[in-house]
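A closer look at the structure
Here are the chains, one letter per residue:
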Amino acid sequence: MSALRRGGLGLMAWLTGIVFFLPIAWMALTSFHSEADAAANPPSFAASLTLDGYREFFGSGGGASPWPALINSLVASAASTLLVLLLALPAAYALSIRPVRKWTDVLFFFLSTKMLPAVAGLLPIYLFAKNAGMLDDIWLLVVLYTSMNLPIAVWMMQSFLAEVPVAVIEAARVDGARLPVILARVVAPIALPGIAATALICFIFSWNELLFARVLTGVVAETAPVFLTGFITSQGLFLAKVCAASLVISLPVLAAGFAAQDKLVQGLSLGAVK
């Protein structure tokens, strides 16, 4: 590849990164403005900075505290992600290393469950939760998020586990290792980048989910995205406060992505090149 072509590709990569970063940067800047400056048109880049939006988000002005909603989101996202990994790893093992008959049809069935619009299943799930007495229950969201993310996790981990050398597994089996030991001590360490990528994606999907959390929760099990929508009103100015809340709620996902960025890149690129 010529130096000119490499330079052009590098420039395109930088421009693409800047385009994706600008909305986040603008949201962060707006969160430090007063409501009047945030709503100004055209916007003022030299407006004075303030922490009023963050103070209102954390309830210093007499509003509701965001901590219960943040804790609910963390519990629902972390617990559902853990359950997804525990269920997806054996399923992916059966579909890749020890393939069942017509395993491609099984994978397609898993993926076909994501083709149903979420709103189409909202009413039956609501009626079930109501009759079971599980409305406004955080563990209902854990079960829902697990079932929603499991097909994607199985699909992703099947491709990751397909790269695990069969000879290593056969050697462990000859040494007398049973399936749980093989999964925990042989398969999981080798496929760790793919497992980390799958876990991060499932965590992000669970953390950002709004539709079911909005309908099925109230006060006790309210999640962070539902709490965020409470700042949007038909009267008054709320742009700076919403930007501050959005930035705070996005921080756990950004921190998780930053901490696992090396494993994420390895996992998402696994098998892309030989």
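Thresholds applied
- Residues numbered from 1 in each chain as written.
- Predicted model: local features only at pLDDT ≥ 70, side-chain atom pairs only at ≥ 80, totals over all residues.
- Heavy atoms only, no water.
- Helix = DSSP H or I, 4+ residues; strand = E, 2+ residues; numbered from the N terminus.
- Contact = heavy atoms within 4.5 Å.
- Areas by Shrake-Rupley, 256 points an atom, 1.4 Å probe, with all protein chains shown as cover.
- Lys, Arg positive; Asp, Glu negative; His and termini not counted.
- Charge placed at Lys NZ, Arg CZ, Asp CG, Glu CD.
- Patch = residues over 30% accessible without salt bridge, like charges linked within 9 Å, V, L, I, M, F, W, Y side chains within 5 Å.
- Salt bridge = Lys/Arg side-chain N within 4 Å of Asp/Glu carboxyl O.
- Axes fitted to C-alpha atoms, helices over the stretch in contact; angles between N-to-C directions.
- Parallel < 35°, antiparallel > 145°, perpendicular 65-115°, else oblique.
- Left-handed = near helix turned anticlockwise from the far one by under 90°.
- pLDDT = per-residue confidence, 0-100.
- Expected span 1.5 Å × (residues − 1).
- Buried < 20%, exposed > 50% of the residue type's maximum accessible area, 1.4 Å probe, protein only.
- Core = buried A, V, L, I, M, F, W, Y, C linked by side-chain atoms within 4.5 Å.
- Phe/Tyr/Trp six-rings, centres within 6.5 Å; stacked < 30°, edge-to-face > 60°.

Here the focus is the overall build of the protein. When helices and strands are counted, the protein shows 14 helices and 0 strands. Of the regular secondary structure in the protein, the N- to C-terminal order runs α-α-α-α-α-α-α-α-α-α-α-α-α-α. Judged by the C-alpha coordinates and their principal axes, the protein covers about 70 × 65 × 30 Å. Sequence separation of 24 or more characterises 76% of the internal contacts of the protein that already satisfy a separation of 6 or more. Accessible area for the protein stands at about 15900 Å²; split by element, carbon and sulfur atoms hold 71% of it. Here the protein carries 15 positive and 13 negative side-chain charges, and the mean point of each set is 13 Å from the other.

Take Gly 176: it is sitting in the loop between helix H8 (166-174) and helix H9 (179-190). Residues Gly 176 and Gly 230, 54 residues apart in the sequence, show an inter-C-alpha distance of 57 Å.

A cluster of nonpolar residues, Leu 11, Trp 14, Leu 15, Ile 18 and Leu 22, forms a patch on the protein surface that exposes about 570 Å² of accessible area. Tracing the chain through its elements places Leu 11 in helix H1 (residues 3-31).

Right, let's talk about the packing of H1 against helix H13 (residues 239-259) for a bit. Pairs of packed helices are described in terms of their axes, by the angle between the two and the distance that separates them. Taken N-terminus to C-terminus, the directions of H1 and H13 make an angle of 120 degrees; their axes are 7 Å apart at the nearest point. Overall, the two elements H1 and H13 adopt an arrangement that is oblique. In this structure, H1 meets H13 at a crossing whose hand is left-handed. Packed against H1, whose contacting residues are Met 27, Ala 28, Thr 30 and Ser 31, the element H13 presents Leu 239, Ala 240, Cys 243, Ala 244, Ser 246 and Leu 247 at the interface.

Before going further, it helps to examine the confidence of the model for the protein. Confidence in the prediction for the protein averages 85 pLDDT; 92% of positions are at 70 or higher. Per-element confidence in the protein ranges from a low mean pLDDT of 63 for helix H14 (residues 261-268) to a high of 94 for helix H11 (residues 211-216).

End to end, H9 covers 15 Å across 12 residues, agreeing with the expected 16 Å (1.5 Å per residue, within 8%). Listed as buried for H9 are Ile 182, Leu 183, Val 186, Val 187 and Ala 188. On its buried side, H9 packs onto helix H4 (67-96), helix H7 (138-161), H8 and helix H10 (192-208).

As a further point, take the nonpolar core. Nonpolar side chains tend toward joint burial in soluble globular proteins. Ranked by internal contacts, the top residues of the largest apolar core, which has 28 residues, are Leu 161, Ile 169 and Val 187. Contributions of two or more residues to this core are made by H4, H7, H8, H9 and H10. Sorting elements by how many residues they give to this core places H4 first, with 7 residues. Aside from chain neighbours lying at most four places away, what touches Leu 161 is Leu 89, Ala 92, Tyr 93, Ser 96, Ile 97, Val 187 and Ala 191. In terms of nonpolar packing, the next biggest core, distinct from the first, is built from 17 residues, Phe 57, Phe 203, Val 242 and Ile 249 among them.

Here we come to the packing of aromatic side chains. Evaluated as defined, the whole model comprises 7 aromatic pairs. Considering the side-chain rings of Phe 57 and Phe 58, the 4.9 Å spacing of their centres and the 75 degrees angle between planes classify their relative orientation as edge-to-face. Phe 57 sits in the buried class, given a relative accessible area of 0%. Look at Phe 57 and Phe 231: their rings are 5.9 Å apart centre to centre, the planes differ by 45 degrees, and that puts the pair in the tilted class. In this pair, Phe 57 sits in helix H3 (residues 52-57) while Phe 231 sits in the loop between helix H12 (224-229) and H13, placing the two residues 174 residues apart along the sequence.

This part takes up the pattern of salt bridges. Per the counting criterion, the structure on display carries 3 salt bridges. For Asp 52, the salt bridge identified is with Arg 55, shortest N-O distance 2.8 Å. A residue pair is termed a helical-turn pair when its members lie 3 or 4 positions apart in one helix, as Asp 52 and Arg 55 do in helix H3 at 3 residues. Overall, the relative accessible area of 43% leaves Arg 55 in the partly exposed class.

On to unusual backbone geometry, then. You will see that Asp 136, though not glycine, has its phi angle at about 60 degrees, which is positive. Note on placement: Asp 136 falls in the loop between helix H6 (122-131) and H7. What makes Asp 136 partly exposed here is its relative accessible area of 22%.

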